[in-house]
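Each chain, written out:
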Amino acid sequence: MTQDFAPKQTLIGQRIPKLDAPSKVSGSARYLQDIELPGMLHGKILRTDRIHARIVSIDTSAAKALPGVHAVLTAADTPGVPLGFGQDNPPLKGDRVRCTRDEIAAVAADTEEIAEEALKLIEVEYEDLPAVFTTSDALKEGAPVIHDKHPNNTPFTYDYEHGDVAKGEAESDVIVEDTFRLHFVTHCCLGVSGIIADFDVEGNLTLYSQTQMPFLYKRDLAPVIGVPAEKIHVIQPIIGGAFGSKLDVYPFEPICVFLAKAARKPVRIVFSREEEFLASPTRQPMELTMRSGAMKDGTITFRDVSTLHDNGGYTSWGATTPFVMMQAFSSLYRIEHCRYKTTVVYTNNPYSGAFRGYGNLQATFAIESHMDKLAEAVGIGPLEFRTHNAQDAGETTLQGLHLQTCGLKDCLSTAADRSDFVTKHAANRAGQDGPTKRGIGMASLFHVGGGAKIYHTDGCGTILKVDDYAKVTVLTGASEIGQGSETVIAMLVAEELGVPMSKVSVINNDSEIRPWDVGVHASRTTFIAGNSAQRAARKARQKLLDAASAKLDVAVGDLDLRDGQVVRSKTGEQLLDLGKLLRALHFREKNEIVVTSEYYEPPSVMQDREFKGNVSPTYAFATQVAELEVDVETGMVNVFKVTAAHDVGRVINALGIEGQVEGGVIMGVGYATREHLLVDDGYVTNPSFRDYKILTAPEIPEVDFAFIETMDPEGPAGAKGIGEAPAICTAAAIANAFYNATGVRMYELPFTPERVLRALKTAAGEQVG
Amino acid sequence: MSFKQEISFTLNGDLTTASIPVHMDTLTMLRDVLQLTGTKLGCGEGECGACTILVDGAATNSCLMFAVDCDGRDIQTIEGVQTEDGLDLLQKEFVEKGAVQCGFCTPGLVMQGTAMLNENPGMSEDEIKRGLEGNLCRCTGYTKVIDATASAMAKTRGEGQG
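Quick look at the structure, then. As the structure is a computational prediction, the values presented were derived from the model and not from experiment.

A count of helical and extended segments in chain A gives 20 helices and 28 strands. Relative to a compact globule of 769 residues, whose C-alpha radius of gyration would be 27 Å, chain A shows 27 Å and is just as compact. In terms of overall dimensions, chain A has C-alpha extents of about 85 × 75 × 50 Å along its principal axes. Residue pairs in contact within chain A that sit at least 24 positions apart in sequence constitute 80% of those at least 6 positions apart.

Here's what the structure looks like:
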C-alpha cells in the first residue's frame with residue numbers, strides 16, 4: 001500500500017448543525033405565515049365573549065353584505081360533527097357556548113381587515129347560563145352541567161393500582177400527605193397557529209398545516225369535514241414551535257376547510273398573538289393529593305395519589321395526561337404499593353392539550369417534593385434517600401414497564417457531584433444571615449424514552465433511495481418541529497451508508513410521498529423514526545455491498561462504505577466510488593435502482609385494562625439540581641444554576657441534544673417561577689407577552705449538563721428519546737431548593753413574589769391579608 | 001382608510017419606492033407589499049422581537065413603526081444580511097453553535113445581534129444578554145444564541161475562537 005487512508009470516523013456524538021439552520025438564519029425558511037396562494041382569502045373566527053350561554057340567534061346578514069366578504073359561516077352551514085379526543089367539540093358552536101374561546105362564526109374575505117370588519121357586523125344574542133370554574137364546584141350536587149352527555153361533569157376517570165396501599169401504610173415509619181395545585185400555562189410558540197385550505201376542482205383538499213401528526217390528522221379530520229381521508233393532502237411548512245400544541249385537531253382547522261369550500265378559493269387562517277393565548281391549548285391544571293410513606297431505613301413504602309383535572313369546556317389530549325402521570329407515580333423509584341385515582345372534570349375554563357411532558361411536570365412536582373419530605377422525616381439526605389430507592393437496569397416496575405437500561409443512579413450521583421450538592425445542601429440548612437437565602441434542591445424524573453404504544457402501532461415508515469450520484473434521499477414519516485429530528489435521521493443514514501452529511505436530504509413535510517408515522521409525541525422521534533431510517537439504510541447498504549462484492553470480487557465481509565467510497569474494511573483502501581457503483585448497477589449490470597423501505601415497530605405493547613404493560617421500548621431518566629436565591633423581603637426567586645444529568649442512551653447529535661436540555665430546563669424554570677395563564681371566572685386576563693412572562697436572555701440560569709450513556713440495545717446507535725425529559729423535573733428541583741433556602745415548602749406553582757411572601761409570612765405565623 | 005403616501009428609502013442597499021397606506025406598519029409593508037417574508041410577526045405588539053429590523057443601523061421592532069416613517073431612511077432586513085459568499089459571520093455562528101431550533105425568532109435575533117455587533121463587538125456576556133432581552137425564544141433557552149453572538153464578536157475583534 002502506498003497510500004494512507006483515514007481510519008473509520010463516526011458521526012455519532014458529533015456536533016452537527018441542523019440541516020435547516022441556514023435557511024432559518026437567512027430568513028428564507030418558509031413558515032405557514034409566509035405562504036400565499038394565488039387568489040387566497042383570509043379567514044377570521046368570531047369567538048364568544050360569554051363563558052357559558054345558550055345561543056339564541058346569530059345574524060350574519062350585515063357581514064355577508066360587506067364588500068370583499070366571500071363567505072360567512074355559522075354552525076348551521078356545517079355538518080356539526082364534533083372533534084377532539086372526547087369528540088365533544090363541534091368546530092362551530094350552534095346552540096351553546098361553554099368557554100371563552102368558543103367559535104361561533106367565521107368569515108373569509110379579501111383581506112384580514114375586511115374579515116375583521118365583517119366579524120364586528122355579526123350580531124349574536126345569548127341567554128347566559130350559570131357557569132362553574134373549579135373542579136370542586138363542578139362536582140357539587142346541582143352544579144351546572146357542561147355537557148348533557150355527562151350530567152356529573154365527569155367525562156373520564158382513571159384508576160390504577162399495584163400492590164396494597166394499606167399494607168404499605170402499615171409498614172411505614174413515616175407518612176406524609178399534601179395537596180399540590182398546578183396552574184394553567186401555555187406553549188407560547190413564537191409562530192402562532194394557522195392553516196391554509198385549498199380545494200382543487202376534483203374536490204381534493206390540500207392543507208398547509210402545522211400539525212405534529214399528519215397521518216392521524218387526516219383520519220381525525222376526515223369525518224369532521226366530510227372529505228375522505230384519501231382526498232386530504234397534508235403539507236407541513238416549517239413549523240414555528242409546537243411542544244405538543246399541534247398534536248390534536250382544533251376547531252380553526254375544519255373551519256378553514258369549510259370557508260375554502262364555501263368560498264371556492266384557498267383560505268388562510270392565522271391567529272393573532274392574543275388569539276393564540278386565548279384559543280390555543282394549555283397545560284392541564286389540577287389539584288393533586290399525594291400520600292406517601294417510608295421506613296426508617298429509607299425504603300419508600302407506598303404512594304397513594306388522587307387528582308382532580310380541570311378539563312375545561314371540551315376534551316383534548318389534556319384529559320389523557322393521567323396515562324403518563326401514572327407511570328411516574330408507579331415507576332419513579334421502586335414503589336411496592338401504589339394507587340392513583342383521577343377524575344377529569346368539565347368546567348367553563350379553557351381546555352387543555354398536550355404540552356411537553358404530558359402531565360409529568362405536575363406528577364413529578366408532587367413526587368419529588370415528597371421525596372425530600374420523606375428523606376427529611378427519616379433523617380436521610382436527599383441524595384442518599386433517592387439512590388436507595390432507585391432502580392437498576394433489568395428491573396421491571398410493578399406497572400410492567402421494563403427498564404432495559406436505567407441510568408438513574410448515575411444521574412443522581414453525577415448531578416450531585418457536578419453541583420457539589422451534599423455540601424451545599426447541608427451548609428444552606430445550617431442557617432443563613434441576611435435577607436437573601438441560598439438553596440439547592442434535586443429532583444429526578446421517569447418518562448417514556450421511545451414512544452408510548454397508545455395505538456395498535458407506534459411505528460414509523462421510511463423510504464430511502466440512493467441515486468446515480470450516491471445522493472441519498474430519505475422520505476420519513478417523522479415531522480420536524482424544530483427539535484432537530486431531520487438532522488438526527490440524516491446522521492444515522494449517513495453513518496450507515498458511509499456518505500457525507502451533504503449527500504443526505506430528508507423529506508419530511510408531505511403526506512403524499514412520506515410513509516406513515518404516529519406523530520411527534522412521547523419523545524419518540526429519534527428512537528422510532530431513527531430506528532426506521534437506520535434500518536432502511538442498512539438494507540441499502542447491504543444491496544450496495546453485495547453489488548460491490550460481485551463487481552470487485554472481494555468478499556462482502558471485507559468491504560465497507562466510507563466517505564462515499566467502497567473501501568476495504570481493514571485498511572480503508574478505496575476501491576470504488578459509490579456513485580460509479582450505482583451507475584453501473586443502474587445502466588449496465590442489472591438495470592436496478594437502489595430504493596429500500598422500512599416500517600419500524602417498537603417492541604412495546606398496549607397496556608391492559610389495568611394500565612399495565614411495557615408501553616415503551618425504553619425509558620428516560622434524569623436528575624436535575626437547581627440552585628437559587630430567595631429574597632425573603634421581596635419574595636423574588638432567582639434560579640441561577642441548573643445542573644442536569646440525563647440518561648439519554650447515547651448522544652447522537654451533541655449540538656442538538658444540548659439544545660433540547662437547555663431549552664427544556666429554561667421552560668421548566670419559567671413554569672416554576674413565573675409563567676401563569678391567568679383565568680378569572682373563565683376569562684383569560686393576560687393574553688400577551690407583556691403580561692404572560694416567558695424567560696428572557698438576562699434571566700436564564702447557567703445550565704450545566706451531563707449525558708449518561710447507557711447504550712440502549714434497542715435504540716438507534718443506543719439512543720433514547722430526550723424531547724420532553726428536560727422540562728419535567730426542573731420545577732420540583734426548584735421547589736426543593738426553595739425549601740432548602742427558607743425552610744418553607746411551596747405546594748402551588750408558580751413561585752411568584754406575592755405567593756412566596758405569603759408562604760413565608762404564613763409559615764412565620766404572621767397574619768396574611 | 002386607504003390614504004396612501006409615496007415613500008422612498010434604502011432597503012438592503014437598494015433605493016426603493018412604495019405607495020403605502022398611511023396606517024400601515026413597517027412589518028406589514030415588508031411582508032405583504034414588498035414580499036420580504038424573512039421578518040416575522042410574532043406578536044404585533046413590540047413584545048417578542050421577531051420583527052426586528054435595522055433602521056439607520058438601530059435595531060427596531062418593525063411592527064411598531066409606521067411604514068411611512070421609513071421615508072428617507074436606511075432599512076436593513078434579514079434578507080440584506082448575507083453576503084455574496086453566503087451567510088455572514090453572525091449567521092454562520094448561529095448555525096454552527098446550534099442557536100436555531102424552530103427558527104421563528106431567529107431572523108429577529110440575527111438582526112438584534114447584528115446591531116449589537118456593529119455597535120460594540122467588545123460586549124461582555126452580561127451586556128450581550130441585556131442586548132438580547134427584547135427577543136423572545138421558546139426553544140433554545142438562549143444559551144446557544146448568547147454563545148453564537150459572543151463568538152461572532154470575538155471573531156470580529158480578531159480573537160479567532162470565541
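All names here are of chain B. Read across the open sheet, the five strands follow the order β2-β1-β5-β3-β4; overall the sheet is mixed. The outermost strands of the open sheet, each flanked by one partner alone, are β2 (14–21) and β4 (58–61). In this sheet, neighbouring strand axes are inclined to one another by 40° on average, regardless of whether the strands run parallel or antiparallel. By the bridge criterion, eight bridges tie strand β1 (residues 4–11) to β2 in an arrangement that is antiparallel.

A separate point is the pairing of strand β15 (residues 337–346) of chain A. Counting buried positions over the ten residues of β15(A) gives nine, a clear majority of the element. Following the backbone out of strand β14 (residues 300–312) of chain A, through helix α9 (residues 321–331) of chain A and into the adjacent parallel β15(A), one traces a crossover that is right-handed.

Residues and elements named next belong to chain A. The element strand β1 (residues 41–47) is extensively covered by neighbouring structure, given that seven of its seven residues are classed as buried. Side chains Leu-41, Gly-43, Ile-45 and Arg-47 project from β1 onto one buried face, and the interleaved His-42, Lys-44 and Leu-46 project onto a second face that is buried too. Note that β1 and strand β12 (residues 267–270) share two bridges and pair parallel. From the neighbouring strand, His-42 faces β12, where its bridge partner is Arg-268. As defined by bridge partners, β1 adjoins strand β5 (residues 103–109) across six bridges and the pair is classed as antiparallel.

Here we come to the nonpolar core. Counting 293 residues, the largest nonpolar core has Leu259(A), Val493(A), Ile734(A) and Phe738(A) as its most contacted members. Apart from the residues lying within four places of it in its own chain, the contact partners of Leu259(A) are Gly43(A), Ala71(A), Leu73(A), Ala106(A), Ala108(A) and Val267(A).

Attention now moves to the interface of chain B and chain A. Of the residues lining the interface, 42 residues belong to chain B; the matching set on chain A comes to 44 residues. Ranked by residues supplied to the side of chain B that touches chain A, first place goes to helix α2 (residues 89–96) of chain B with four residues. Considering only residue class, the side of chain B that touches chain A consists of 19 nonpolar, 14 polar and nine charged.

Moving on, we get to α9(A). Residue and element names in this part refer to chain A. Along α9, eleven of the eleven residues are buried, which leaves the element largely enclosed by surrounding structure. Contacts made by the buried residues of α9 are with β7 (156–162), β14, β15, α10 (360–378) and β16 (436–448). Of the residues trailing α9, Tyr-333 is marked for its positive phi of about 80°.

Now for the sheet that holds strand β24 (residues 619–631) of chain A. Residue and element names in this part refer to chain A. Taken together, four strands build an open sheet; the order of strands is β16-β24-β25-β28 and the sheet is mixed. Lying at the two open borders of the sheet, with one neighbouring strand each, are β16 and β28 (702–708). Neighbouring strand axes in the sheet, compared pairwise and without regard to direction, differ in orientation by 15° on average. Bridging between β24 and strand β25 (residues 637–647) involves ten bridges; their strand directions are antiparallel.

Residue and element names in this part refer to chain A. Along the chain, the position of Gln-660 falls in helix α17 (residues 654–673). It is 27 Å that separates the C-alpha atoms of Gln-660 and Tyr-250, two residues lying 410 residues apart in sequence. When residues no more than four places from it in sequence are discounted, the contact partners of Gln-660 are Gln-483, Ile-722, Gly-723 and Pro-726.

A few words on unusual backbone geometry. Residue and element names in this part refer to chain A. A cis amide bond, omega -10°, links Leu-749 with the succeeding residue Pro-750. Tracing the chain through its elements places Pro-750 in the loop between α19 (730–742) and α20 (753–763). Even without a glycine there, the phi angle at Tyr-358 is positive, about 50°. One can find Tyr-358 in the loop between β15 and α10. Backbone geometry places Ser-523, a non-glycine residue, at a positive phi of 45°.

Residue and element names in this part refer to chain A. With 19 residues, α10 should cover 27 Å at 1.5 Å per step; its first-to-last C-alpha distance of 26 Å lies within 8% of that length. Of all 19 residues in α10, 16 are buried; the element is thus mostly enclosed. Immediately downstream of α10, the backbone of Gly-379 shows phi near 75°, a positive value.

So, how was this worked out
- Residues numbered from 1 in each chain as written.
- Chains lettered and ligands numbered in written order.
- Predicted model: local features only at pLDDT ≥ 70, side-chain atom pairs only at ≥ 80, totals over all residues.
- Helix = DSSP H or I, 4+ residues; strand = E, 2+ residues; numbered from the N terminus.
- Rg over C-alpha atoms; globule rule 2.2 N^0.38 Å.
- Contact = placed C-beta atoms within 7 Å.
- Pairing = 2+ DSSP bridges.
- Axes fitted to C-alpha atoms, helices over the stretch in contact; angles between N-to-C directions.
- Buried ≥ 20, exposed ≤ 12 C-beta atoms within 10 Å, placed from the backbone.
- Right-handed = clockwise from strand over helix to strand, strands pointing away.
- Core = buried A, V, L, I, M, F, W, Y, C linked by C-beta atoms within 7 Å.
- Nonpolar A, V, L, I, M, F, W, Y, C, P; charged D, E, K, R; others polar.
- Expected span 1.5 Å × (residues − 1).

Worth remembering: the numbers are spatial, not functional.
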